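In case you want the letters, here they are:
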Amino acid sequence: MREEYVDACPEASPSWRTWLRSNTKNTSPRSAVIAVAALAFLWTQGGAPLIEERYSEDGVRQFQSVDYSMSVAAPTQAVTSHTNMHHAFAAPHGTNISQEVQKSPEHVLRLCANKGPGDSTKIMLITGNNQTQGGYSVSCVDNILFSPVADHPNSFLSSAVKVLVGLVCVAAAYLAIPYPIPAPGVSDQHFAAASLPNGHPSVKESVLPKSCPFSKTSTTAPSASPAQPVKAADAVRKSNLITPTQAEWQAMSDEEVVNKAIENKLALYSLEKVLGDSTRAVQVRRAIVARNPRTQNITSKLENSGLPFANYDYDRVLGACCENVIGYLPLPIGVAGPLDINGSSFYLPMATTEGVLVASTNRGATAINASGGVTTSLLADGMTRGPALRFPGLERAAAFKHWIDTPDGYSVVEAAFNGTSRFARLQSVRVAVTGSDVFARFKATTGDAMGMNMISKGVDAALAAIALAGFNDMQVVSLSGNYCTDKKAAAVNWIDGRGKSVCAQATVAADVLRRVLKTDVDSLVALNTSKNLIGSAVAGAMGGFNAHASNIVTAIFLATGQDPAQNVESSGCLTTMSKTSTGDLQISVYMPSIEVGTVGGGTILAPQAAMLDLLGVRGADQEAPGRNAQRLACIVAAGVLAGELSLLSSLAAGSLVQSHMAHNRKA
Ligand SMILES: CC(C)(COP(=O)([O-])OP(=O)([O-])OC[C@H]1O[C@@H](n2cnc3c(N)ncnc32)[C@H](O)[C@@H]1OP(=O)([O-])[O-])[C@@H](O)C(=O)NCCC(=O)NCCSC(=O)C[C@@](C)(O)CC(=O)[O-]
Ligand SMILES: NC(=O)C1=CN([C@@H]2O[C@H](COP(=O)(O)OP(=O)(O)OC[C@H]3O[C@@H](n4cnc5c(N)ncnc54)[C@H](OP(=O)(O)O)[C@@H]3O)[C@@H](O)[C@H]2O)C=CC1
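Since we're looking at a predicted model, the values are computed, not measured.

Describing the environment of Gly543
Part 1 of the argument: Inspection of the secondary structure puts Gly543 in the loop between α21 (521-538) and β14 (544-545).
Part 2 of the argument: Considered as a pair, Gly543 and Leu574 are 31 residues apart in the sequence and their alpha carbons are 6.7 Å apart.
Part 3 of the argument: With residues near it in sequence (within four places) discarded, Gly543 still touches Trp494, Ser571, Gly572 and Cys573.

Overview of the confidence of the model for the protein
Part 1 of the argument: Predicted confidence across the protein gives a mean pLDDT of 76, with 64% of residues reaching 70 or more.
Part 2 of the argument: Low pLDDT (under 50) marks residues 104-158, which in the prediction has 153 contacts with non-local residues, meaning those over four places away or in another chain.
Part 3 of the argument: Below a pLDDT of 50 lies the segment residues 236-241, which in the model reaches 16 contacts outside its immediate sequence neighbourhood of four places, other chains included.

Here we look at the site of ligand 2
Part 1 of the argument: Among the 21 residues in the neighbourhood of ligand 2, the closest are listed as Arg385, Ser421, Gly451, Asn453 and Asp563.
Part 2 of the argument: One of the side-chain nitrogen or oxygen atoms of Arg422 is found 2.9 Å away from an oxygen atom of ligand 2.
Part 3 of the argument: Taking Met450, its main chain carries an N or O atom lying 3.3 Å from an oxygen atom of ligand 2.
Part 4 of the argument: In isolation ligand 2 exposes 930 Å². Once the protein is present, 73% of that is buried.
Part 5 of the argument: Ranked by the residues each element gives to the shell around ligand 2, the list is headed by helix α18 (residues 452-468), at 4 residues.

Notes on the site of ligand 1
Part 1 of the argument: Within the structure, ligand 1 sits among 19 residues, and Ser360, Thr366, Lys518, Lys531 and Ser646 are positioned closest to it.
Part 2 of the argument: Between ligand 1 and the protein, one listed contact pairs a nitrogen atom with a side-chain N or O atom of Asn362 at 3.0 Å.
Part 3 of the argument: Within the complex, 60% of the 1,100 Å² of free accessible area of ligand 1 lies under protein.
Part 4 of the argument: Every element with two or more residues in the shell around ligand 1 is listed here: α15 (357-369), α25 (627-653) and α26 (656-664).

Details of the side chain of Asp584
Part 1 of the argument: By secondary structure assignment, the location of Asp584 is in the loop between β15 (573-579) and β16 (585-594).
Part 2 of the argument: Of the side chains with opposite charge, Arg514 comes closest to the buried, unpaired Asp584, at an N-O distance of 7.4 Å.
Part 3 of the argument: For Asp584, the side chain forms a polar contact with the main-chain nitrogen of Ala510, separated by 2.9 Å.
Part 4 of the argument: Looking at Asp584, its side chain comes within polar contact range of the side chain of Thr582, at 3.0 Å.
Part 5 of the argument: Setting aside chain neighbours within four positions, we find Asp584 in contact with Thr507, Val508, Ala509, Ala510, Val521, Ser578 and Lys579.

With respect to the environment of Gln622
Part 1 of the argument: As for its position among the elements, Gln622 is in the loop between α24 (606-615) and α25.
Part 2 of the argument: Residue classification places Gln622 among the exposed positions, given a relative accessible area of 71%.
Part 3 of the argument: Remark: the alpha-carbon pair of Gln622 and Asp448, spanning 174 residues in sequence, is separated by 9.9 Å.

Procedures and definitions
- Residues numbered from 1 in each chain as written.
- Chains lettered and ligands numbered in written order.
- Predicted model: local features only at pLDDT ≥ 70, side-chain atom pairs only at ≥ 80, totals over all residues.
- Heavy atoms only, no water.
- Helix = DSSP H or I, 4+ residues; strand = E, 2+ residues; numbered from the N terminus.
- Contact = heavy atoms within 4.5 Å.
- pLDDT = per-residue confidence, 0-100.
- Near = heavy atom within 4 Å.
- Polar contact = N/O pair within 3.5 Å; in protein donor to acceptor, adjacent residues only side chain to side chain.
- Areas by Shrake-Rupley, 256 points an atom, 1.4 Å probe, with all protein chains shown as cover.
- Buried < 20%, exposed > 50% of the residue type's maximum accessible area, 1.4 Å probe, protein only.
- Lys, Arg positive; Asp, Glu negative; His and termini not counted.
- Salt bridge = Lys/Arg side-chain N within 4 Å of Asp/Glu carboxyl O.

This is the structure in structure tokens:
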């Protein structure tokens, strides 16, 4: 792991490091290098400049240098008696002598250059063979005397040389450490993986950090080119191959591979790479997890557990959807509907383990269909990413905001952003300045993708362009500064929208309400006001002005390969009800942040793709990119409408407990 980061550092020079490593291949010589380096470093530290304060016998305060690079003599009166002096130093009264001396003798000389003899506000430090040589006559010391320190063992070594030697020692130790000793905090298992043939899977150009995590390099500047150092790193790694080779791994029995992994000679996540067979890798991983001595007492059943692993296309999963795979989770999928939406009918696929949920949504669909179906409207479409930035001060922070708000500034950002994708198009940048800290909420359409990877990539490029456009004092604290806001409840999503903002509406005839939903318009309207509006207000809800939007959102998300964690903001929903002039029920749901896609993420997996097919929205819409994802968002909102209608009817009729007992406790 450490090797991965070290090699990924653009500043690292592969050639001489390769030489160094190839000449320090075995553990013992390398240990010797480390030991010698450490000793040498400590030795040089012994000579660090140091000034000690003391009192002479007659009570005069004295300073004594124990710095071996200098001999400190008594000032003025006594100086003439010392013949081995080179310089006279002086500094303003109160100067931290130790710090001044460490800077350099020249620095101290400069400090005293404008001072005259007899100046009692100065202290003086004298070394050298004559205090008057070089035109620096220094005589007054304000009662501070300096005693010579003779015969210091290291007096031949200057401060500069010591520092240099120290740095060389540290560098030598740093380069020698990676192979035999894992970095602190890195598990043995990770370390073992770093020695795998052909590198280990985490060393990929796409996931390498842009700046070296061990350096203090600012993350602001875009990396020069991470690809080159990565290739160099691979070359270095290959030159240090540790057996077994990939062919040898593949020839081993499962048992042998399991044992190697348990002995920390193979990382759990490297199985696909070394075995070259993703199903076998999953099977072996189950055995490793089951037999790991550290967890065996609780994990031993995994191997033969009810979690299936056979007959699954893991090649689709790897590098896209999941790591350290041990199987897959079958979830029951039910369908509600067909639900009539904007004149077309859709079966809604719902993955859930909450009995009655599909039945309820289905009931809502039945009632809605009987009354003419749902109308949906897409109000807005834009995914967001809000990095946290930092400037030296408010002035620069505000300058950035004003600049990006100008057409010229925005066009620079827009060009950089749009250049990263065929489909992502920047819509706006909303900037909040809180002092030196700045939060910029980038909003963009992302075609048929949900868009988080796309927008992150675009924002990354935009920030680099911003730095080049005159804001190189901008520090990118984090690409995500929570002003996005992704996977967390936030008012900004509720107010401004994120993903697709959709409204759905239906008018349900009073007689259908009575027949299908066992309730009436007045009861429902009163219930909705009480529960979803007043009750939610009392609860301080943020987007939670509904009965169970998240039930339908999450079930459809799981079924269609959406990122399930985004149900947080996607479930934000305001349900409203009113009685029409004809005595029927008008019901609407307003959902400002439905985050869905029909390409990318989990939509690439066959079962999820099949559910998108069921809805007629799989993949990219060739005619109008983005339209499939927008349709899916509308379907989600329509499903929510059906679910709201049914649950609220059940609550109005007082049948909730009974229905759950019937559908949750029969198995
Ligand atoms: C369970 C029902 C639907 C029975 O409802 P019912 O009216 O007694 O059933 P029904 O036999 O008269 O049939 C009416 C329609 O319901 C559907 N339906 C009926 N049965 C099925 C079935 N087995 N499978 C599929 N669909 C079914 C179907 O559409 C049927 O029409 P039909 O096709 O016969 O003309 C009803 O009582 C109901 O919807 N209850 C509400 C349950 C519910 O919505 N639960 C949501 C989860 S609760 C929760 O998680 C969140 C919560 C509650 O805490 C949030 C909050 O704070 O509010
Ligand atoms: N990065 C992050 O911070 C986060 C990532 N995620 C994860 O990100 C993934 C989703 O990212 P997302 O960007 O949606 O998907 P992808 O990363 O899969 O990107 C979409 C890809 O599809 C291509 N594409 C082809 N046709 C279309 C089309 N019609 N419309 C849009 N794109 C098209 C895009 O092309 P092109 O290259 O031209 O753009 C792009 O390469 C999920 O796995 C999710 O869990 C979730 C939250 C945060």
